Amino acid sequence: MAELSLRVNGTTHQVKTDPCRMLLSVLREDLGLTGAKEGCGQGDCGSCVVILNGRAVNSCLVYAGQADGAEIVTIEGLAEGEVLHPLQQSFIDRWAFQCGFCTPGMLMTAYGFLLETPHPEADEVRKAISGNLCRCTNYANIVAAVVAAATGGPQP
Amino acid sequence: MTSVVGRPTARVGAVEIVTGRAQYTGDLTFPGMLWGALLYPVHSPARILRIDAAKARRISGVMAVLTHADVPGLNRFAYSYVEDQPVLVSEFVRYQGDALAAVAAVDEATAAAALATIEVDLELIEGVFDPVEAMQPGARRVWPDRNNVHEHLVIERGDIEAGFARAEVVVEGEYTTQLIEQAFLEPEGAVATLEADGTIVVYASCQSPHRDRRQIAVALGLAENQVRVMTPYVGGAFGGKDEVHVQIHAALLARATGRPVRLIRSREESIRTHVKRHPIRIRHKLGATRDGRITALQVEAIGDTGPYVNAGAEVMSVLAATASGPYRVPAARIDAFTVLTNNPICGAMRGFGIPQGTFAGERQMDKLSRELGIDPLEIRFRNGLETGTVLPTGAVVREGRPMKACLEKAAERSGWREREEIEREPAPHQRRGWGLAANIFTVGFGRSVPDSGGVNLEMTPDGAAILRTGAADMGQGAHTVLAQIAAEELGIGVEAVRVVKPDTDRTPDAGPASASRTTFVSGNATRRAAAAIRASLLEAASLSIGRPADELHLEGGYVHAAGEQVTTVAEAARVAKEANLPLHADGFYAMEYPEQLLDDAYPHAHQVFTFGTQVARVLVDTQTGRVTVEELTLVQDAGRVINPGGAIGQLEGGAAMGWGYALIEELKTTDGRTANNSLESYLIPTSVDLPPMNVGLVEIPEPLAPFGAKGIGEATLTPTAPAIANAVADAVGISLDDLPLTPERVLTALARSG
């Protein structure tokens, strides 16, 4: 067991747990943040993506111990109260999801990508989200939504 | 003219989804919830000699270990009528996904420890893995007391001998399609809890909550009203969650422990166990006169359904019923075989036999056009069905105009007629090609199959509405469409309609969310419920403002008379309540079969069809065998589009699956055990794989459908693979008749053709 300190969406949590548990499990089970999903458990699908110290990561591949002291942003931290982040609004406006299961991971990947590349071309977005699987769409609306959010609203 | 129907509408629940608040089955927690897991066999098929859970039960934190002896009711379940799949196996393991035991423990690690400690002795037995061999007399049997051929279906019309005799050209081919995984992003699962009165409540990622309820009740030996099934957000299903997966197991564990139990499959378990798309071998013979008109068609289709029938017979039935394609075929005979093996179970998967049949049929049309030197577009116009065409099933096409309308629109949008202006050999190792495919798709289950649904609609006295539907929304957009229909009929905005998700205690049975039927059946049911409430509102408004009800019109939250807003719908609702007029109603609709079937029609013939055409422009790399689809044009006949935003998404998503079906997807098996059990090894399209899609719609309203809207959820998956295969044939002159068209297959065919 280890005492871990995780700062998630601006709040610091002290979590006592086996450091070898995956960060995804700690977020979902210990902190009740079920936005990040388990689609495969081994880093193939991107449903579990969160931001760890400023970079998008598959949280199913990060040990809880590795996240000790880290700054984490999950889908629950994207909106400001009831005000949606431009990415979230853009996804709604452009039908960038159908079943919605891949959406939290997709949004967090997009968010992390825009931190590095604030004004991307569509092809760059396509590459950036190529680790996020979606079985409902053909990704076209997702790409359009990310590009639109980057050019439209305020920067993340 | 409508004001809500036909408008692009954001998905109901959109904010919950983008904020991560939407709850899927695996997100649910309850106090005292246990972790459930199932034990699957390491070998299959096998005779079970011993299952001993004694040691596992003694592990601290293990609350229950169940085997077949612990199933109080019927230890079998089924997709429809043949209940042959055990909940927990006792004598035989027939495929890799049979459940040997069910465990509930305090956490994941303890459950895993329990699974590892259950002692199982299996005696390996020889399996049946080739469906064609399995059909031969004297073949080893999957079941000692059942024929490997579960069903041989024949659909026949006209004289095919005469038809082939007068044919001036005959084209024959053998086509095979592969085992396909739905690969929904949310692995299937269920959470079961108990109420104080003994009611078992099961939250499940499912498509058919009412059918699940029955199957759970039967297995637990309970009356159906002692089980409640609820469907939270569902992360994709595509048929793979149409029948029971772990719902019964979760319910058994909850009952055995007295505590909530969460049972969610891992991705690997999901790929190993749930039903897949049937791999089918089709032998296809097509006869035509020199001007390309079909005279006769003969099809033999062999579907490998695994050891349990599941939806096998139904899938082969739908394939057989559509095997003649969207054409006028004067004589046809289709033999469809549903064959049992020890391969993975196959069942419902988006398209339900039609993708397989369309691949063969449209490759054949292409070969025919090549043989005769007739343009592939032209040959389809010549043979295209029309209103009044009699299909081999005996169904008479009531509205055939969309077939050719889709052909024409796809030709225009893709630039088909100008294609020779485009460079065919952009580089020495690249060849460009064009392929076309047209298809017919069915809506609903077909005649003689129960196909109905109900909806409950309520208007609150402040003019908002609550829609209670048992129809699952697994991403296809059903709840949004139904909300739009309700809003249109009640004269309010769609944002004023709250949709209550499927709950067998609160929402009427809508039937399964499958067969592209939900908009049709539940949409009509919604209209009927709304009509009753609208009558109350109009009567109330009439009382209020002193004008006859038939001069009034509800729209946009207002009551209009002679084009003017005279009061609000909210006010009319308030007055209705005061006047004791009902503001809630149930609507029910059963699929109709008007007088258009011949007396000797196939009993499960369909009556509602949609048509579509796709054009693929490909670039084949002759050095690597890689096929790049440069553009995919898809045109779909929708009847009427209720939600353009959602509809386009469904069409594009279907074609994306079609692309995967054509080029990269294949679940590989060795002796019935799947080899690529992860999303790393079972490839589905990513954002960098898919071609740009050029989408067009044809809207010729279907008279029986709500606002004329037909179901389109499955149809666009079907013409994609043959369009791509036809394009490859056009590009490099090779005939690829087996899916997927991997680089290896392309290179091998290129080498063979010299």
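Everything numeric in this text was worked out from a predicted model, so none of it was measured. (Residues numbered from 1 in each chain as written. Chains lettered and ligands numbered in written order. Predicted model: local features only at pLDDT ≥ 70, side-chain atom pairs only at ≥ 80, totals over all residues. Heavy atoms only, no water.)

S.K.: Can you lay out the pattern of salt bridges for me, pointing to particular residues and giving the numbers?
M.R.: All names here are of chain B. Counting across every chain of the model gives 54 salt bridges over all chains. Between Arg-363 and Asp-737 there is a salt bridge, with its nearest N and O atoms 3.4 Å apart. Taken as a pair, Arg-363 in helix α10 (residues 354-372) and Asp-737 in the loop between α17 (720-732) and α18 (743-753) lie far apart in primary sequence, 374 residues in all. Judged by its relative accessible area of 1%, Arg-363 is buried. Taking relative accessible area as the criterion, Asp-737 reaches 13% and is therefore assigned buried. In this structure, Lys-710 and Asp-637 form a salt bridge, with 2.7 Å as the shortest nitrogen-oxygen distance. Of this pair, Lys-710 sits in the loop between β30 (693-698) and α17 while Asp-637 sits in strand β27 (residues 627-637); the two residues are 73 residues apart in sequence, bridging distant segments of the chain. In this structure, a network of salt bridges that share partners links the residues Arg-50, Asp-52, Lys-55, Glu-119 and Asp-121. (Salt bridge = Lys/Arg side-chain N within 4 Å of Asp/Glu carboxyl O. Helix = DSSP H or I, 4+ residues; strand = E, 2+ residues; numbered from the N terminus. Buried < 20%, exposed > 50% of the residue type's maximum accessible area, 1.4 Å probe, protein only.)

S.K.: Outline the layout of surface pockets, listing residues and values.
M.R.: The volume enclosed by the second largest pocket comes to roughly 1200 Å³. If you trace the second largest pocket, you find 48 residues lining it, with Glu-29 and Glu-38 of chain A together with Trp-35, Glu-108 and Arg-262 of chain B closest to the centre. If you list the elements that add at least two residues to the lining of the second largest pocket, you get α1 (23-30) of chain A together with β1 (34-39), α3 (108-117), β14 (261-264) and α8 (267-273) of chain B. Grouping the constituent residues of the lining of the second largest pocket by class yields 21 nonpolar, 12 polar and 15 charged. (1 Å grid on protein atoms, 1.4 Å probe; cavity = no way out; pocket = protein on both sides within 12 Å on 5 of 7 lines; lining within 4 Å. Points joined across faces, edges and corners; volume = space filled by probe spheres on them. Nonpolar A, V, L, I, M, F, W, Y, C, P; charged D, E, K, R; others polar.)

S.K.: Describe the side chain of Thr-338 of chain B, naming the residues involved and giving the relevant values.
M.R.: Structurally, Thr-338 of chain B can be placed in strand β17 (residues 332-340). Discounting chain neighbours no more than four positions away, the residues touching Thr-338 of chain B are Asn-148, Val-149, His-150, Glu-151, Gly-303, Thr-305, Gly-312, Ala-313 and Met-316 of chain B. (Contact = heavy atoms within 4.5 Å.)

S.K.: Report on helix α5 (residues 140-152) of chain A, specifying residues and quantitative values.
M.R.: Residue and element names in this part refer to chain A. Here α5 is 13 residues long and its end C-alpha atoms lie 18 Å apart, about the 18 Å a rise of 1.5 Å per residue gives. Among all positions of α5, only Ile-142, Val-143, Ala-145, Val-146, Ala-148, Ala-149 and Ala-150 are buried. Lining the buried residues of α5 we find α2 (86-93), α3 (103-116) and α4 (122-128). (Expected span 1.5 Å × (residues − 1).)

S.K.: Talk me through the packing of helix α11 (residues 376-383) of chain B against helix α12 (residues 401-414) of chain B; I want residue IDs and the actual numbers.
M.R.: All names here are of chain B. As a packed pair, α11 and α12 sit with axes 10 Å apart at the nearest point and diverge in direction by 165°. For the element pair α11 / α12, the angle class is roughly antiparallel. The handedness of the crossing between α11 and α12 comes out as left-handed. Residues Leu-377, Arg-380 and Phe-381 of α11 pack against Met-403, Lys-404, Leu-407, Glu-408 and Ala-411 of α12. Across the contact of α11 with α12, the residue classes break down as five nonpolar, no polar and three charged. (Axes fitted to C-alpha atoms, helices over the stretch in contact; angles between N-to-C directions. Parallel < 35°, antiparallel > 145°, perpendicular 65-115°, else oblique. Left-handed = near helix turned anticlockwise from the far one by under 90°.)

S.K.: Now, about the sheet that holds strand β6 (residues 92-93) of chain B: what can you tell me, with residues and values included?
M.R.: Residue and element names in this part refer to chain B. On the basis of which strands lie adjacent, the open sheet formed by three strands has the order β6-β2-β8 and antiparallel pairing. Looking at the sheet topology across the chains shown, the edges are occupied by β6 and β8 (119-124). Here strand β2 (residues 46-52) pairs with β6 via two bridges, running antiparallel. Within β6, the position partnered with Arg-47 by the bridge is Phe-92. (Pairing = 2+ DSSP bridges.)

S.K.: How would you sum up unusual backbone geometry? Please name residues and give values.
M.R.: In this model, Ser-44 of chain B is joined to Pro-45 of chain B through a cis peptide bond whose omega is -10°. In this fold, Pro-45 of chain B is placed in the loop between β1 and β2. Of the consecutive residues Leu-739 of chain B and Pro-740 of chain B, the connecting peptide bond is found in the cis state with omega at -5°. One non-glycine residue, Asn-53 of chain A, adopts positive backbone phi at about 50°. By the element assignment, Asn-53 of chain A lies in the loop between β3 (49-52) and β4 (55-58). On the basis of relative accessibility, which here comes to 52%, the residue Asn-53 of chain A falls in the exposed class. Here Ala-515 of chain B, not a glycine, exhibits a phi torsion of approximately 55°, which is positive.

S.K.: An account of α1 of chain A is needed here, citing residue identities and associated values.
M.R.: Of all eight residues in α1 of chain A, six are buried; the element is thus mostly enclosed. Along α1 of chain A, the residues classified as buried are Leu-23, Leu-24, Ser-25, Val-26, Leu-27 and Arg-28 of chain A. Against β1 (2-8), β2 (11-17), β3 and β5 (71-73) of chain A together with β14 of chain B lie the buried residues of α1 of chain A.

S.K.: Run through the interface of chain A and chain B, naming residues and quoting values.
M.R.: The interface of chain A with chain B comprises 40 residues on the first partner and 52 residues on the second. When chain A packs against chain B, close to 3500 Å² is buried across both sides, 60% of that on carbon and sulfur atoms. Counting every contact that joins chain A to chain B gives three salt bridges. Between Asp-27 of chain B and Arg-28 of chain A there is a salt bridge, and its shortest N-O distance comes to 2.8 Å. Listed by contribution, the elements that provide at least two residues to the side of chain A that touches chain B are α1, α2, α3 and α4 of chain A. Grouping the constituent residues of the side of chain A that touches chain B by class yields 18 nonpolar, 13 polar and nine charged. (Buried area = accessible area lost by both parts, 1.4 Å probe.)

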